[in-house]
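These are the residues of each chain, in order.
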Amino acid sequence: MLRRSFLKQASLSAVALTAGCARSSPTIPGEDVPFIDAHCHVFNASDLPTTRFLRQVVFEDFPKQSAARILAVRDPDVTDEFIALLLKLLGTASAPTADEEITFLDTGQNGKAASLSVEKARAAAVEDTSQHLLELDRKRLRIVTMAAPGDRTAQSSTSEEKFLNYMLGTPIKTLRANEPLTIGEARKASQRAFLRQDSVGRYLNWFSLFRLYRHVLVERLVHDSRAQGFNPILLTPALVDYDEWLYEDVDSSPLNRQMVVMDRISQRMAKAKSGPVVHGYMGFDPLREVAFRKGKSKVSSLATARSALMDHGFIGIKLYPPMGFRPTDNQPPYPDRTVKSLGFEPSGELDAALRDLYKLCVEADAPILAHGYASNGSGPDYAKRGDPAYWIPVFKEFPKLRVCLAHFGRFSARSAGQEEMPLPNGSWEWRLGEFIRENPGQNVVADISYFSEVLSASSKERDLLAKSFKDWLVQFDSGCDHIMYGSDWIMLGKEAGYDRYIKSVNAFLRTDCGLSSDICDKIFRRNALRFLPLERGSLGRERLLAYYRANGLDESRLPSASSRLVASIFGK
């Protein structure tokens, strides 16, 4: 997840970016700043293929190298044991399933107490961690007691012993060989670990969040936003579908049941007197659709997407190309297990499934949110498959398609065919910017979600980030009509300083970049209103209003935007 070293190696243009208009919203913390979180997640552990999600997506499938770097733990044995602990905390049994949450939202009964608040989830995770330490200690004792007299292997340092040393903060040798760790010692060690201010403590607390109900995660995001002086009016959480690529099925909460949970949350939030409304992005996997069409799967990803858009209040579709596919013109290699299971390399079939999705999204006026940074690939070089170069043919074939490429950008990944060009000219961001400049009226945008650099960059780095950001805007998007805000919560939750994230992004845009209140309001609110199907009279807005009417919801709760023509005339 160490991605988004945002906007590097560009030069500053002299053109000012302070053009404003009379109608602007407050953008100073404490003034109840309205905003839209156009990229967030509220999935819990039961929604994910947890084992491979952790190893292949979070730690890039290289636990001894990548995880050690991220966790700042030098000993690979300790790193592996820590991953084992995280997997236990992330276990699906610890989180409410989709059906359990549906029942709780419908009846208010049989709720899982440990999943109702961040504090309770954390307390349960602390206790589970202490029990894990006790299990490791019992394993250590078994090794000692089963060893033959004089067996030196029993005296050697095991990974369990190293990890206990690390967590206890006291050498395990201070305990007698046959003296077990006490529950009190284990609990104190666990509590200390969760209070640590380093990456270990942050990861432990972050993984405790995956035990929560999804609606509680929504409430937490709203709470944390308001605590910073910002008022969310719309959240668009994205569901993900990794199963086929990671080869681990989500049995506890299959995607079609996650869809129903999000429907319930959308209705719940729309019925509230105040606060944001919530409309999700449904995860779409073209490989699952290929498997369905070849009789290898019982679930059609396309049919699920259509149902989500037409019947369950979803705002759009989520795509994750780094799992292993391109937006178009797919080419091998693919995972060996995938080819073996299907009996063929699915390049043409992936293209066909995606083209059918694009047609559906145009028909429903539904936006696509796609991972747009060279990170988190499930296989070798798969991260490159989200390159804007592969999207441009799609933009040209489907000019009415709404697409947001997320995690704008580092300017360090070279776009396909531009490998010899110097950066930033050969970068993904430059490639996308050139298309936007040539097609300013097309609904192609980028978001700045997971912009964690604003929390940790030095003054020099911030100056470079600000300079680069303004230069990109001047060259490709002078009116700043194609950049949106997103948090990438719950993924952002492990970052130090998360509780001041929105304020930090706002300060960077206003102070470091010198952007006007009008431009900041575009990034935080108005661009999302226009990119999402919320323009008055648009097909997409009518689709969502039909959902409101079908479920007896107050239509005035759905935010709206003026049409592009009206906005251009009156500056709205």
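Above this text sits the structure in question.
The residue numbers shown here count from 1 along each chain, following its written sequence. The predicted nature of this model means local features are confined to residues of pLDDT at least 70 and side-chain atom pairs, given and counted, to a pLDDT of 80 or more, with totals for whole chains, interfaces and linings taken over all residues. Only heavy atoms go into the side-chain values, all of them from the structure, while hydrogens and water stay out.

A. How the structure looks around the sheet that holds strand S9 (residues 483-484). Think of it this way: DSSP has to see at least two bridges between two strands before they count as a pair. Elements are defined by DSSP. Helices are runs of H or I of four residues or more, strands are runs of E of two residues or more, and each kind is numbered from the N terminus. The strand order across the open sheet formed by six strands is S4-S5-S6-S7-S8-S9, and the pairing between neighbours is parallel. The sheet terminates laterally at strand S4 (281-283) and S9, the two strands that pair on one side only. Pairing of strand S5 (residues 316-319) with strand S6 (residues 368-371) involves three bridges; the strand directions are parallel. Opposite Lys318, over in S6, you have Leu369 as the bridge partner. The contact rule is simple, with two residues in contact once any of their heavy atoms fall within 4.5 Å. Note on definitions: angles span 0 to 180 degrees between N-to-C directions of axes, and those axes are lines fitted to C-alpha atoms, for helices only across the stretch in contact. Packing of helix H16 (residues 388-397) onto the sheet brings it into contact with S5, S6, strand S7 (403-406) and strand S8 (444-447), and relative to S7 it is tilted by some 175°.

B. Summary view of the sheet that holds strand S1 (residues 33-40). Here we have three strands laid out as an open sheet, ordered S1-S2-S3, and parallel in their pairing. The sheet is open, and its two borders are formed by S1 and strand S3 (277-278), each paired with just one other strand. Looking at chain direction, S1 and strand S2 (residues 230-237) are connected through six bridges and run parallel. Each residue of the ladder has a partner; that of Pro34, found in S2, is Asn231.

C. Representation of the pattern of salt bridges. A carboxyl oxygen of Asp or Glu within 4 Å of a side-chain nitrogen of Lys or Arg is what we treat as a salt bridge. Enumeration according to the criterion identifies 30 salt bridges in this entry. Here Glu160 ties to Lys139 by a salt bridge, and the two come within 2.6 Å at their closest N and O atoms. Taken together, the residues span a long stretch of sequence, with Glu160 in helix H6 (residues 159-168) and Lys139 in helix H5 (residues 118-146) at a distance of 21 residues. A simple rule labels every residue: compare its accessible area, found with a 1.4 Å probe on the protein chains alone, to the largest value its type can have, and call it buried under 20%, exposed over 50%, or partly exposed in between. The class for Glu160 is buried, based on a relative accessible area of 7%. Judged by relative accessible area, which is 37%, Lys139 ranks as partly exposed. Note that Arg402 is salt-bridged to Asp365, the shortest N-O span being 2.7 Å. Of this pair, Arg402 sits in the loop between H16 and S7 while Asp365 is found in the loop between helix H15 (347-364) and S6, placing the two residues 37 residues apart along the sequence.

D. Seen up close, the pairing of S5. With three bridges connecting them, S4 and S5 associate as parallel partners. Note that in S5 the partner of Gly283 across the bridge is Lys318.

E. View of the layout of surface pockets. Buriedness of a pocket was judged along seven lines, with at least five required to meet protein on both sides within 12 Å; pockets are open sets of points on a 1 Å grid over the protein atoms alone, cavities are sets where a 1.4 Å probe fits but cannot get out, and lining residues have an atom within 4 Å of a point. Grid points are joined across faces, edges and corners, and a volume is the space filled by probe spheres set on the points. If you add up the space inside the largest pocket, you get close to 550 Å³. If you trace the largest pocket, you find 22 residues lining it, with Arg202, Asn205, Gly493, Glu495 and Tyr498 closest to the centre. At the level of secondary structure, the elements contributing two or more residues to the lining of the largest pocket comprise H5, helix H7 (183-195), helix H8 (199-209) and helix H9 (214-227). Among the residues forming the lining of the largest pocket, the class breakdown is eight nonpolar, six polar and eight charged. If you add up the space inside the second largest pocket, you get close to 460 Å³. Around the second largest pocket sit 23 residues that line it, and Asp243, Glu244, Asp249, Arg288 and Ser297 are the ones nearest its centre. Those elements that place two or more of their residues in the lining of the second largest pocket are helix H10 (243-246), helix H11 (255-271), helix H12 (286-293), helix H13 (301-311) and helix H14 (336-342). Polar here means any residue other than Ala, Val, Leu, Ile, Met, Phe, Trp, Tyr, Cys and Pro, which are nonpolar, and Asp, Glu, Lys and Arg, which are charged; Gly is therefore polar. The residue makeup of the lining of the second largest pocket, split by class, is eight nonpolar, six polar and nine charged.

F. Examining the packing of aromatic side chains more closely. Planes of paired rings set the category: under 30 degrees apart is stacked, over 60 is edge-to-face and the rest tilted, where pairs are Phe, Tyr or Trp rings (Trp by its six-membered ring) whose centres lie within 6.5 Å. One pass over the structure, following the stated rule, counts 26 aromatic pairs. Taking 5.2 Å as the distance between ring centres and 80° as the angle between the ring planes, the aromatic pair formed by Trp206 and Phe210 counts as edge-to-face. Per residue, the accessibility class of Trp206 equals that of Phe210, and both read buried. Plain terms: the ring middles of Phe469 and Phe508 are 6.4 Å apart, the flat faces sit at 25° to each other, and that makes the pair stacked. Of this pair, Phe469 sits in helix H19 (residues 459-476) while Phe508 sits in helix H20 (residues 501-512), placing them 39 residues apart in sequence. Three or more aromatic residues link up through ring pairs in this structure, and these residues are Phe35, Phe230, Tyr485, Tyr501 and Phe524. Lysine and arginine charges are scored as sitting over a ring when NZ or CZ, respectively, is within 6 Å of the ring centre and within 35 degrees of the ring normal. If you follow Arg326 out to its NZ or CZ, it ends over the ring of Tyr390, 4.0 Å from the centre.

G. How the structure looks around the side chain of Ser130. Inspection of the secondary structure puts Ser130 in helix H5. Given a relative accessible area of 0%, Ser130 falls into the buried group. Nitrogen and oxygen atoms within 3.5 Å of one another constitute a polar contact, given that in protein one can donate a hydrogen and the other can accept it, and given that sequence-neighbouring residues count only through two side-chain atoms. Polar contacts involving the side chain of Ser130 include one to the main-chain carbonyl oxygen of Glu127, which spans 2.6 Å. Discounting chain neighbours no more than four positions away, the residues touching Ser130 are Ile183, Ala186, Arg187 and Ser190.

H. Broad picture of the nonpolar core. In this structure, Leu319, Ile368, Trp391 and Ile523 are the most contacted members of the largest nonpolar core, which totals 140 residues. Here this core takes eight residues from H15, the largest share from any one element. With residues near it in sequence (within four places) discarded, Trp391 still touches Leu319, Pro327, Tyr358, Ile368, Ala370, Gly386, Val403 and Leu405. Residues grouped as a nonpolar core are buried Ala, Val, Leu, Ile, Met, Phe, Trp, Tyr and Cys residues, joined through side-chain atoms within 4.5 Å.

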